[in-house]
Structure formats: C-alpha cells, structure tokens
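Results of the structural survey
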Amino acid sequence: MSNREIRVRFAPSPTGPLHIGGVRTALYNYLFAKKNGGKFILRIEDTDQTRFVSGAEEYIIEAFGWCGIRFDEGVTKGGKYGPYKQSERKAMYSEYAERLVASGHAYYAFDTAEELTTQRKNFEAEKKTFTYNAAERKHLKNSLVFSKSETQKLLQSGTPFVVRFKMPEDHVVRMHDLIRGEVIVNSNVLDDKVLFKSDGMPTYHLANVVDDHLMKISHVIRGEEWLPSLPLHVLLYEAFGWDAPQFAHLPLLLKPDGKGKLSKRDGDRLGFPVFPLQWTDPKTGETSSGYRESGYFPDAFVNMLALLGWNPGDEREVFSLEEMAEAFSIDRVGKSGSRFDPEKAKWFNHQYMQKKSNKELAAQFLPLIEKEGVMADMDYVEKVVGLVKERAHFVHELWEQSGFFFKAPASFDPKAVKKRWKQASYDQMMELKELLSGVGDFSSENTETVVKKWIEEKEYGMGAVMNAFRLLMVGALKGPHLFDIIALLGQEETLRRLEIGLFELGKKE
Ligand code: GLU
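Calculation notes
Residues numbered from 1 in each chain as written. Predicted model: local features only at pLDDT ≥ 70, side-chain atom pairs only at ≥ 80, totals over all residues. Heavy atoms only, no water. Helix = DSSP H or I, 4+ residues; strand = E, 2+ residues; numbered from the N terminus. Rg over C-alpha atoms; globule rule 2.2 N^0.38 Å. Contact = heavy atoms within 4.5 Å. Areas by Shrake-Rupley, 256 points an atom, 1.4 Å probe, with all protein chains shown as cover. Lys, Arg positive; Asp, Glu negative; His and termini not counted. Charge placed at Lys NZ, Arg CZ, Asp CG, Glu CD. Phe/Tyr/Trp six-rings, centres within 6.5 Å; stacked < 30°, edge-to-face > 60°. Lys NZ or Arg CZ within 6 Å of the ring centre and 35° of its normal. 1 Å grid on protein atoms, 1.4 Å probe; cavity = no way out; pocket = protein on both sides within 12 Å on 5 of 7 lines; lining within 4 Å. Points joined across faces, edges and corners; volume = space filled by probe spheres on them. Nonpolar A, V, L, I, M, F, W, Y, C, P; charged D, E, K, R; others polar. Near = heavy atom within 4 Å. Polar contact = N/O pair within 3.5 Å; in protein donor to acceptor, adjacent residues only side chain to side chain. Sits in = over half its atoms within 2 Å of the grid points. Buried < 20%, exposed > 50% of the residue type's maximum accessible area, 1.4 Å probe, protein only. Salt bridge = Lys/Arg side-chain N within 4 Å of Asp/Glu carboxyl O.

Before going further, it helps to spend a moment on the overall build of the protein. When its secondary structure is counted, the protein shows 21 helices and 14 strands. Over its C-alpha atoms the protein spans a radius of gyration of 33 Å, topping by over 25% the 23 Å that the globule rule assigns to 509 residues. Projected onto its principal axes, the C-alpha positions of the protein cover 110 × 50 × 35 Å. Restricting the contact set of the protein to residue pairs at least 6 apart, pairs at least 24 apart contribute 71%. Surface summary for the protein: the accessible area is close to 24,500 Å², and the carbon and sulfur share equals 50%. For the protein, the separation between the mean place of its 70 positive charges and that of its 73 negative charges on side chains is 4 Å.

Structure, rendered in structure tokens:
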C-alpha cells in the first residue's frame, strides 16, 4: 500500500456555506497532495436530500476559486473516476449494499420510523437509550429475525426497507490515525448504522467508503467530527475485503477564548467572518459576512488558515501556497484544537499588504478613490500607496490613511489646532511659505534639509514647526513622513495648502 499513488479528496456536503474549518481541511489535503506529487479531488456528497441547500455547491466552488485552491479532479474538472457528485452515482450504491447483505455483513430492516420512535420512547421511559445493536436487533423487524421467504415476500411487495450494517459483537476495532496514533474501540459501543435508506439513496457512510475505494483515495484527511465514524468505516473496508486508506483526523478550530468549537454562528456575533465568502441564506435571507467581502487577500487568508493547526517547525509564518506545500507534513499537525485569533488574521493581511506591489494595491484602491469623487492618476496613486500601506491592514483602510493626498483638508482637527496651532505658528508658516516658494528641488530630501536648516538657524522649536506644518498639509496630526508628503503633493499644492491654512486658522491671539 505504501507505493500507492497519493490521492486525497475533499468531500463536502452542500448543506450550506463552507465554514473556514472546512476550507482548512481542504487546504491540508491540497498541501499534502502537492507535497507528495499526488492528486487532489473534489467530490460532492449530496446523498442526504433533506439537507440540500440551494446555492451551496456553487458557493463551495466559488470559494475555492477565490482561495486559489485548485483541484486535479472533481465536479468542475472531471476525471477518470467520475462522476464526482454522489447523486449522479446513485445507481451503483445499492449493488454494494446488496453485496454486504449477501456476505452476511449487513441486513434488511423493515422497522418504520414510527416503530423506532415508539422503541425510543419506551426505552426513555425506563431511563435507557435505545440503540439498534446486537442486543436489540433480535427483537426488531429485520432479515436476521425473519425467515428468508418472509424477507423475500416483504421485499417483493415493495415494503420500505433500509440496509443496516451488522455490527460484530464484542469485537475490538483497532485503527491507526496519522495524527492521533492508535485508536481502539470495542464494537459493543457502536450501533447497526443504516447504510442504505428507504429513499433509494446510500447514507454518508456507505457512499463515502465506496467512493473512496472506487476513486482510489490513499489518505482520508478530514475533520475530527468524523472520528466517531472511523470504526464503522474501517469495518466496512474489512467487510468489502478492500484495503483501507490511511486516516488523519484534524483537530477542531476553537473560538478565540478556546472554549468550544468555532461555530457558524460565532463569527458575526464575535465580529469576524467564519465563511470565506459572504453568504445569504436562501430561506431566511440572513446574511453572514465573508473574508473576501471584508477585504482579506485570498493568499493572506489561506496562509492564516494553514497555521491554525499546523506549523513548519521553524519561526516562519508568511508563506506562499507553494512554500507551504513544500514545508507541509501531517506529522506537524497538532493533536489539540487551535484557537482562532481574529487579530492574527488581520496581522496576516497586513503582512501581505506590505508584500503586494504598489501597482496591484493601487489598482484595487482606485475604485475607492473614485467613489470619493476624485479622478486620480495611477502613477500618483501608486506613490501614495507606497507611502501609506504600512499603516493599513486592508485596502479599504487606505483612504482613511491617505485621503489628504487627493483632497486638501476641508477642515482642521480642532483638538490638534488647540494644541499645536500656537501664537508663533502663523508667522512661522508665513516664513516657511516664503522659504519653500524659493526651493528649486522639491524632493523630500532637499526640502527636509532646507527646512531643518532654517528651523535651526531661527532657533524655532522643531516639534512646534513640524506639527503646525503637518496640520496645514493634512488637516490632522497623522500621515507618513511630512517631507515625503509634500514631495508628492508638489510645490504648487504645498504652497496653496499653506496659504489656505494660514487664512483658515489665522493668527492665534
Ligand atoms: N460529506 C462529509 C462532510 O460533509 C465528508 C466527511 C469525510 O471527509 O469523510 O464533511
């Protein structure tokens, strides 16, 4: 089995938008496949028609498109093991269920839903829990109790039935998980799970195992919530006489306070998205926020997710997808849950913002500038972005940091005026205007040298002059290096702002 081709899959059920925990599972599968020269497959597990949500499959596909996580085979790609959507594979599952009945590993059960509810209630009345298992199956309506001919009659007359797995009694199931190591369970704690339903559809368990086998999946890497299903899956492989894949169950993503699983409801309640893309519930119309719409870069989002549960064994944190694939190994996935940290998510976006070219950021920023009613030149926007990007986590924060490059201050921050517009400011700024109008080279370095020399010669306070000057250029005491600002604004605009500011603020009495 060790020289089996590496084939992994992500197998979502389209029951709603993809939670970031699901994206992380897919990402680890992707990285594992890339690292090992294997294939990554997208299979849609839509056999539970009662939980189908319209738009969910499209959402899943769009989300991976945005993240840059690509599949080698699957619903949108095709491949030689298709179809990759279980509802389109429907016809073949009954044959596998029949195979298990024939080999004595499964049986037909005819109990109606009402009958099972009554059983459950009777048990509850005695403070017990009803389980369809070895002890109880003997008293219920199934082909282990009925004779062959009785069973045949029921089947032929079209009596609704399900196929249940005949859980072996007192059997020690030994399993190996690549993250958790040895897992041992006694089959007595397990029930006779339904494999095939009365609506003619397989359950998740049957379809999942059959498809993983037929699609030659070598490693099943999935969320910890599927660990309780592992004994059944392992027993199903045994029953079919198939080699089981290797398993790795990923620890949960936890709420920021570490108390419990990060749920679909947590995000907007705690002020951060838990979905890659915004999602509007088709039934309730309720909208949940997404990373894309919140201004995250897909590569930053993916990088952040990768480190929630995996680490490269060194101090590195910022990785491209290729670098992550290179460094990835299941051995370095932790056993315990990872706390989601919304501040760290922002930190990642900030890191990526610094790595992006000014040109790329400017292209994203331009529409926001236009929205503010300004027609700006791309070259100029690029330069502005270069000066302020280190102060922003998101492109949508750039205007807040740089609006003054595009519009002269319409007002002056009153607090700053009170504190920084001093009695001497008016005359000093008049002098400064005079000084700057005579400067030929308006580069940042040159104006800085000229202005600082003048301040020193006049023995003015450096802070006092610079703050007043900044106030007139920006309207507030914020922004990057002041001489960089005026170099970009240019001589004419700098002088104009000095003039407007002097007029607006006047001489302090
Ligand atoms: N359809 C299951 C899900 O929605 C797949 C679990 C598995 O990977 O086996 O998560």
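What follows continues from the structure just given.
Counted by the stated rule, this structure contains 30 aromatic pairs. The rings of Phe10, Tyr30, Phe40, Phe64 and Phe71 are connected pair by pair, giving a single aromatic cluster. Its guanidinium or amino end placed over the ring of Tyr132, Arg164 lies 3.7 Å from that ring's centre, counting from NZ or CZ. The lysine or arginine in question, Lys355, covers the ring of Tyr352, its NZ or CZ lying 5.1 Å from the ring centre.

Okay, the layout of surface pockets next. Estimated volume of the largest pocket: approximately 1,000 Å³. Every residue lining the largest pocket is counted, 42 residues in all, and those nearest its centre are Pro12, Ser13, Thr15, Glu225 and Trp226. The set of elements that each furnish at least two residues to the lining of the largest pocket consists of strand 1 (7-10), helix 1 (20-35), helix 7 (204-214) and strand 9 (219-223). In terms of residues, the lining of the largest pocket owes the most to one element, helix 1, which gives five residues. Across the lining of the largest pocket, the residue classes tally to 16 nonpolar, 14 polar and 12 charged. Around the second largest pocket sit 16 residues that line it, and Arg265, Phe275, Asp281, Glu286 and Ser288 are the ones nearest its centre. Each residue belonging to the lining of the second largest pocket can be placed in one class, and the counts come to five nonpolar, five polar and six charged.

Time to look at the site of the ligand. Taken together, Arg9, Ala11, Pro12, Ser13, Glu45, Tyr204, Asn208, Arg222 and Trp226 make up all the residues around the ligand. Within the backbone of Ala11, an N or O atom sits 2.8 Å from a nitrogen atom of the ligand. Within the side chain of Trp226, a nitrogen or oxygen atom sits 3.3 Å from an oxygen atom of the ligand. With respect to the pocket detection grid, the ligand is positioned in the largest pocket.

On to the side chain of Asp177. Relative to the helices and strands, Asp177 resides in strand 6 (residues 172-177). Here Asp177 is buried and forms no salt bridge, its nearest opposite-charge partner Arg180 lying at an N-O distance of 4.1 Å. For Asp177, the side chain forms a polar contact with the main-chain nitrogen of Arg180, separated by 2.8 Å. Separated by 2.7 Å, the side chains of Asp177 and His249 make a polar contact. In this view, Asp177 contacts Val183, Leu227, Phe247, Ala248 and His249; residues no more than four positions away in its chain are not counted.

A few words now on the pattern of salt bridges. Counted according to the given criterion, the structure contains 31 salt bridges. The shortest N-O distance in the salt bridge between Lys85 and Glu57 comes to 3.0 Å. Taken as a pair, Lys85 in the loop between strand 3 (73-74) and helix 3 (90-102) and Glu57 in helix 2 (residues 56-67) lie far apart in primary sequence, 28 residues in all. Neither Lys85 nor Glu57 differs from the other in exposure class; each is buried. A salt bridge links Arg292 to Glu293; the nearest nitrogen and oxygen atoms lie 3.1 Å apart. Note on Glu293: relative accessible area 37%, which makes it partly exposed. What emerges from the salt-bridge pattern is a single network uniting Arg9, Arg43, Glu45, Arg89, Asp211 and Asp212.

Position of Asn303 relative to the elements: it lies in helix 10 (residues 298-306). A sequence separation of 259 residues divides Asn303 from Ile44, and the C-alpha atoms of the two residues are 25 Å apart. Here Glu317 takes part through its backbone oxygen, which lies 2.9 Å from a polar atom of the side chain of Asn303.

Nothing here speaks to function; it is all geometry.
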